[in-house]
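The residues making up each chain are set out below.
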Amino acid sequence: METYSKKIGSIKFGILSPEQIRSTSQTRIVTPDTYDEDGYPIEGGLMDLHLGVVNPGLRCKTCGGRMGTCPGHLGHIELVRPVVHVSYAKIIYNLLRSTCKDCNKILLSDEKVEGLETKRDIVRKAKNRSKCPHCGEKQSKIKLDRPTNFYENDQRILPSEIRERIEKIPDEVLRQFNIDPEYARPEWAILSVLPVPPANSRPSITLQSGARSEDDLTHKLVDILRINQRLRDNLSAGAPQLIIEDLWDLLQYHVSTYFDNEISGIPPARHRSGRPLKTLKQRLKGKEGRFRYNLSGKRVNFSARTVITPDPQISINEVGVPETIAEELTTPIPITSWNIDNLKKYIKREKPPKAEYVKKPDGRRKKVTPETKEAILEEIEPGYLLERQLEDGDVIVFNRQPSLHRISMMAHKVKVLPGKTLRLNPCVCPPYNADFDGDEMNLHLPQTEEAKAEALNLMLVQDQIITPRYGRPIIYGNQDFVSAGYEVTKEGTTFKKTIAKKMLAAADIYKLPEPDAGDEYSGKLLFSQVLPDDLNLGYKATIHEEGVNEDADGTVVIEDGLLKQGVIDKESFQGKLMDRIFRKYGADRAREFLNKATKLVITGLMEKGFTVSFKDIELPEETEEEINNKIEEGKEKVDELIGKYEEEELKRIPGKTRKETLEARIMSELGKIRTESGELAKNSMEEGNYMLTMSRVGARGSILNITQMSALLGQQAVRGGRILRGYKDRSLPHFKKGDMGVESRGFVKSSLKDGLNSTEFFFHSMGGREGLVDKGIRTAKSGYMQRRLIHALQDINLKQDKTVRDAKNRIVQFKYGEDGVDPMKCIGYKPIDYKEVTE
Amino acid sequence: MRGYNLVDSEIILKHKLVPEHEILSEKEKKKVLKEHNATEEQMPRIRKDDPVAKAIGAEKGDLLRIKRNSITAGESTYYRIVV
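This structure is a prediction, so every number in the text was calculated from the model and none was measured.

A. Spotlight on the overall build of chain A. Across its full length, chain A carries 26 helices and 29 strands. For 839 residues, the compact-globule formula gives about 28 Å, and the C-alpha radius of gyration of chain A, at 38 Å, lies well above that figure. Overall size of chain A, expressed as C-alpha extent along the three principal axes, is 115 × 100 × 65 Å. In chain A, which comprises 839 residues, the proportion classed as buried is 44%.

In structure tokens, the structure reads:
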């Protein structure tokens, strides 16, 4: 294919003149009908064959082309009376009120015009002049009654008169208004001829029943033609002016809504079903419009999409692809003298991955079938291209929407698996923000060697372990991996030889160390097997508590690749340890560590067992008692506060009213009940409580979650305060008016374990609903903000000299981020970890 | 009437949020442009009627050196050309 490369110098927009419309038009449209009884397009109708063909079998009367080859041609409608083009009403208005009705000059002296820079300034200064400075003519005030009616001294000016007036404005004056008269004489915005778009731009749909349904634009044009005809008839019959004007207005309405059906002030034109018609402006506008949907929106081939499910057995670099998808997707491989023998195997194969097509150097494609197989095997030689099905090890790009940052798209290596879902290692969930409650993800198969190399070298998962945002791991062991790391490595955990072998084998390690706990193996020793041999590191674990376990499991000590002390919990997986391995040993080693460590610990966890049951949130009777006392105490304190408030003894918090002060004091009192009860509940729980373990090691859940399950739910909030809505002066009819007590305003003293009473349940639902609504609004709002922000920043990039510049090479920052530091190479917001250096 | 009258235009230079602005000599200006491999058009702009530009009496074509406090770098240098 021959290609041309040209740069667009400039684009000029203008208004079509009536002459241009008539000369471009292939035919004049007069009949407000489309097809006759036989389904043949009516001559002079809206589907006239001069406008192009939309029916198979017919020929275009303009170009002779058939459906598909004929590009479509314009027609025109002669309007009996001119109408204003809605979109230009404002410009017409500005011209009318800032030019003299007699001498047609701007209502400002030449010197004054000279001093003003913009068109807006001219209109602003000129519009209210009552006398023309040039000829002295008195000016009357002109008013625009939106969208299209003009009045002068409360007297209607009809479009024909408007046109006569603006026709007289000389070209020089228009130039002062920034209008190029050659391309856009303003009187052309008063329409006397209406262009009719080609038939194929408003195709009709034939329903299964055989009934034909016309496009919205066609409907609108029918309306225009009908009123136009009626107006013509009435004019020739010499109807009274009143009727003529009514019809004229109706014509104006139809032409206006033909251009834009969302004009404020007039009702939108509707389809018979009551649905507003989608006219010209609506076709272009917004997310589903021509620009954003059809022109900027791109669709791709060689992609797949389905539900994702987790698979901790595959590497973080891999993605599990269903066989059905692997058989459908193909990738081209250039045939060379080095790979030809290997590629022939794909042609010979009976089972996937098979060769699908062979492409000759001249571009012809041949399908590989059992019949053509032999011939193709003979024929192929270097220079040919072979398209084969997806196989293990192919590099693909994996993506989950919304693609908010670059790690929303990463390169994975294919692993073809049985099943119907795409499989993802759960460690890679954080960058995609994925979970498995029904999420779907997209897969793209690069089609050139260049694209494959780029994906592999720049986008591979293992190279994205550290996030470019703040330089900390974003691909890490989480949830069960964290619980498992803790359970396996905590002090006193040992494994029998058989199990130790199993765990190491899961991590692909086949060298058993010497047992260190009698004839058993400690979890710490087993975990050490996946650490680099020369690693030395010391840091505080997530479970670290001053004075409790700082000399035991709370502090991690790794010496020469041996875990001497401490547990592997969240801090190890998501912080220091992962970080250090990535930076010191590189991406390959980090990936290996993550894969091995996670597999080792979950294998160990499966031997130990880890589960949550009712027992884990049950509290001893004494604790229940204590919590109840806490609640009672708190309630008394609140009553005290209310008493003080009523006796006007409560001291106001600066900036708050007395009532607000009371509410704030009550809220903090109730908050205290919850935190203190939570503390009680937590302290009553035994070592080995799975719920508590998960929260302590940072696997899942917080102390608050545990509190709400086992102790009490606490105060429910709507709009940031206690609940008071629904009825007059009370939240529900179960309470007295003006009751300020805790129960009536949304305090829930039951726990999820015990269950809520009906009023508590209602308050909880109110709070829950607010949360949901807020979340929805927040995402919608931030999504739009993001769109605007990305649009504003899209061309800004970092140059070689560390300056940040825009598309025109204008400097935005003289040094990237003012300090020239790459956040990806930082360690948690800081360019250097001083502690690490001094160690 | 819009806005308000400044009693003394230079008073803003004393405000804690207004960084130090300095007019560069022609020689310095050339040096800075060369250093950053930039033309005058590519430099960030400041209007001649900007309150600070007025206060220090900057003329069109002058290059201002601005010393700002920066969260990342402590202190950063920025340049703006008067238009």
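B. Local environment of the overall build of chain B. On a plain count of helices and strands, chain B comes out with two helices and four strands. Counting helices and strands in the order they occur from the N terminus, chain B gives β-α-β-α-β-β. Counting only contacts in chain B whose residues sit at least 6 apart along the sequence, the fraction spanning at least 24 positions is 55%. For chain B, the accessible area works out to roughly 6,200 Å², and carbon and sulfur atoms hold 50% of it.

C. Up close: the sheet that holds strand β27 (residues 797-798) of chain A. Residue and element names in this part refer to chain A. Taken in spatial order, the three strands line up as β27-β28-β29 in an open sheet, and their pairing is antiparallel. Here the strands that pair on one side only, and so sit at the sheet edges, are β27 and β29 (811-813). Relative to β29, strand β28 (residues 804-805) runs antiparallel, the two being bridged by two bridges. Bridging from a neighbouring strand, R805 pairs with I811 of β29.

D. Structural view of the pattern of salt bridges. Residue and element names in this part refer to chain A. With the rule as written, the count across this model stands at 50 salt bridges over all chains. R805 is the partner of D801 in a salt bridge, and the nearest nitrogen-oxygen pair spans 3.6 Å. Given the relative accessible area of 37%, D801 is considered partly exposed. Here R805 falls in the buried class, since its relative accessible area comes to 4%.

E. Just the pairing of strand β14 (residues 395-399) of chain A, in detail. All names here are of chain A. For β14, the buried fraction is high: five of the five residues fall into the buried class. Alternating residues of β14 divide into V395, V397 and N399 and I396 and F398, and every residue in both groups is buried. Across five bridges, the pairing between β14 and strand β15 (residues 409-417) is antiparallel. Within the sheet, the bridge partner assigned to I396 lies in β15 and is H412. In this sheet, strand β17 (residues 440-444) lies alongside β14 in antiparallel orientation, the contact comprising three bridges. Bridged to N399 within β17 is N442.

F. Examining the sheet that holds strand β1 (residues 20-23) of chain B more closely. Residue and element names in this part refer to chain B. One open sheet holds the four strands; their spatial order is β1-β3-β4-β2, and the pairing between them is mixed. Strands at the two margins of the open sheet, each flanked by one partner only, are β1 and β2 (45-46). Judged from the eight bridges that link them, strand β3 (residues 63-70) and strand β4 (residues 74-82) form a sheet pairing that is antiparallel. Within β4, the position partnered with I66 by the bridge is Y78.

G. Representation of the interface of chain B and chain A within the structure. Chain B puts 15 residues into the contact, and the matching count from chain A is 13 residues. Across the chain B-chain A interface, the total number found is zero salt bridges. Counting across the chain B and chain A interface gives five residue pairs in polar contact (both at pLDDT 80 or more). No other element matches the four residues that β4(B) contributes to the side of chain B that touches chain A. The class makeup of the residues in the side of chain B that touches chain A is six nonpolar, seven polar and two charged.

H. Structural context of the packing of helix α7 (residues 216-236) of chain A against helix α8 (residues 241-259) of chain A. All names here are of chain A. Contact pair α7 / α8: the axes reach a minimum separation of 9 Å and the direction vectors enclose 165°. Taken as axis vectors, α7 and α8 run roughly antiparallel relative to one another. Considering how the two elements wind past one another, α7 and α8 form a crossing that is left-handed. Seen from α7, the contacting residues are L217, K220, L221, D223, I224, I227, N228, R230, L231, N234 and L235; seen from α8, they are I243, I244, L247, W248, L250, L251, H254, V255, T257 and Y258. Among the residues making up the contact of α7 with α8, the classes are represented as 14 nonpolar, four polar and three charged.

I. Spatial organisation of helix α24 (residues 703-710) of chain A. Looking at α24(A), one finds that the buried residues are I706(A), T707(A), Q708(A) and S710(A). Contacts from the buried residues of α24(A) go to α22 (658-684) and α23 (690-697) of chain A.

J. Region of the structure containing the environment of P620(A). Relative to the elements of secondary structure, P620(A) occurs in the loop between α20 (576-608) and α21 (621-646). Note on P620(A): relative accessible area 29%, which makes it partly exposed.

K. Structural view of a nonpolar patch on the surface. Together, L789(A), L793(A), I796(A) and V812(A) make up a nonpolar patch on the protein surface, roughly 300 Å² of accessible area in all. When you line up the elements, L789(A) lands in helix α25 (residues 758-793).

L. Structural detail: the nonpolar core. All names here are of chain A. By size, the foremost hydrophobic cluster in this structure holds 99 residues, and its most contacted members are V321, F398, I475, F527, L577 and F593. For I475, the contacting residues outside a window of four places in its chain are I316, M410, C427, V428, P431, V461, Q464, I465, M578 and L594. Core analysis: the second largest hydrophobic core is formed by 31 residues, I15, I92, V123 and I162 among them.

M. Seen up close, the packing of aromatic side chains. Inspection of every chain in the model, using the stated rule, returns eight aromatic pairs over all chains. Where Y258(A) meets F259(A), the ring centres are 5.3 Å apart and the plane angle is 65°; that geometry is what we call edge-to-face. Judged by centre distance (4.7 Å) and plane angle (65°), the ring pair of F610(A) and Y690(A) falls under edge-to-face. With F610(A) in the loop between α20 and α21 and Y690(A) in helix α23, the pair connects residues that are 80 residues apart, well separated along the chain. We classify Y690(A) as partly exposed; its relative accessible area is 23%. Members of the aromatic cluster, joined through ring pairs, are F814(A), Y78(B) and Y79(B). Positioned over the ring face of F495(A) is K608(A), at 5.0 Å from the centre of the ring.

N. Seen up close, the side chain of E187(A). All names here are of chain A. For E187, the position within the fold is in the loop between α6 (171-176) and β5 (190-196). Looking at E187, the relative accessible area reads 11%, which means it is buried. Of note is the side chain of E187, whose polar atom sits 3.1 Å from the side chain of R185. E187 has contacts with R163, I166 and E167, leaving out every residue within four places of it along the chain.

O. Quick peek at the environment of S273(A). By the secondary structure assignment, S273(A) is in the loop between α8 and α9 (280-284). A polar atom in the side chain of S273(A) sits 3.1 Å from the side chain of H271(A).

P. Examining the pairing of β4(B) more closely. Residue and element names in this part refer to chain B. Looking at chain direction, β2 and β4 are connected through two bridges and run parallel. When the sheet's bridge partners are listed, R45 is paired in β4 with I81. Connecting β3 to the next strand, β4, in antiparallel fashion are three residues.

Q. Inspection of the environment of V83(A) at higher detail. Residues and elements named next belong to chain A. With respect to the element layout, V83 can be found in strand β1 (residues 75-84). Taking the C-alpha atoms as reference points, V83 and L158, separated by 75 residues in sequence, lie 8.6 Å from one another. Look past the residues within four positions of V83 in its chain and what remains in contact with it is P159, A189, I190, L191, W248, L251, Q252 and V255.

R. Quick peek at α23(A). Residues and elements named next belong to chain A. Among the eight residues in α23, six count as buried, and that is most of the element. Regarding α23, the residues found buried are M691, L692, T693, M694, S695 and V697. Here the buried face of α23 lies against α16 (480-489), α19 (570-574), α22 and α24. Between the side-chain oxygen of the N-cap and the backbone nitrogen of M691 there are 2.9 Å, and the N-cap of α23 in question is N689. Two residues or fewer past α23, G698 is found with a positive phi of approximately 85°.

Cut-offs and rules
Residues numbered from 1 in each chain as written. Chains lettered and ligands numbered in written order. Predicted model: local features only at pLDDT ≥ 70, side-chain atom pairs only at ≥ 80, totals over all residues. Heavy atoms only, no water. Helix = DSSP H or I, 4+ residues; strand = E, 2+ residues; numbered from the N terminus. Rg over C-alpha atoms; globule rule 2.2 N^0.38 Å. Buried < 20%, exposed > 50% of the residue type's maximum accessible area, 1.4 Å probe, protein only. Contact = heavy atoms within 4.5 Å. Areas by Shrake-Rupley, 256 points an atom, 1.4 Å probe, with all protein chains shown as cover. Pairing = 2+ DSSP bridges. Salt bridge = Lys/Arg side-chain N within 4 Å of Asp/Glu carboxyl O. Polar contact = N/O pair within 3.5 Å; in protein donor to acceptor, adjacent residues only side chain to side chain. Nonpolar A, V, L, I, M, F, W, Y, C, P; charged D, E, K, R; others polar. Axes fitted to C-alpha atoms, helices over the stretch in contact; angles between N-to-C directions. Parallel < 35°, antiparallel > 145°, perpendicular 65-115°, else oblique. Left-handed = near helix turned anticlockwise from the far one by under 90°. Patch = residues over 30% accessible without salt bridge, like charges linked within 9 Å, V, L, I, M, F, W, Y side chains within 5 Å. Core = buried A, V, L, I, M, F, W, Y, C linked by side-chain atoms within 4.5 Å. Phe/Tyr/Trp six-rings, centres within 6.5 Å; stacked < 30°, edge-to-face > 60°. Lys NZ or Arg CZ within 6 Å of the ring centre and 35° of its normal.

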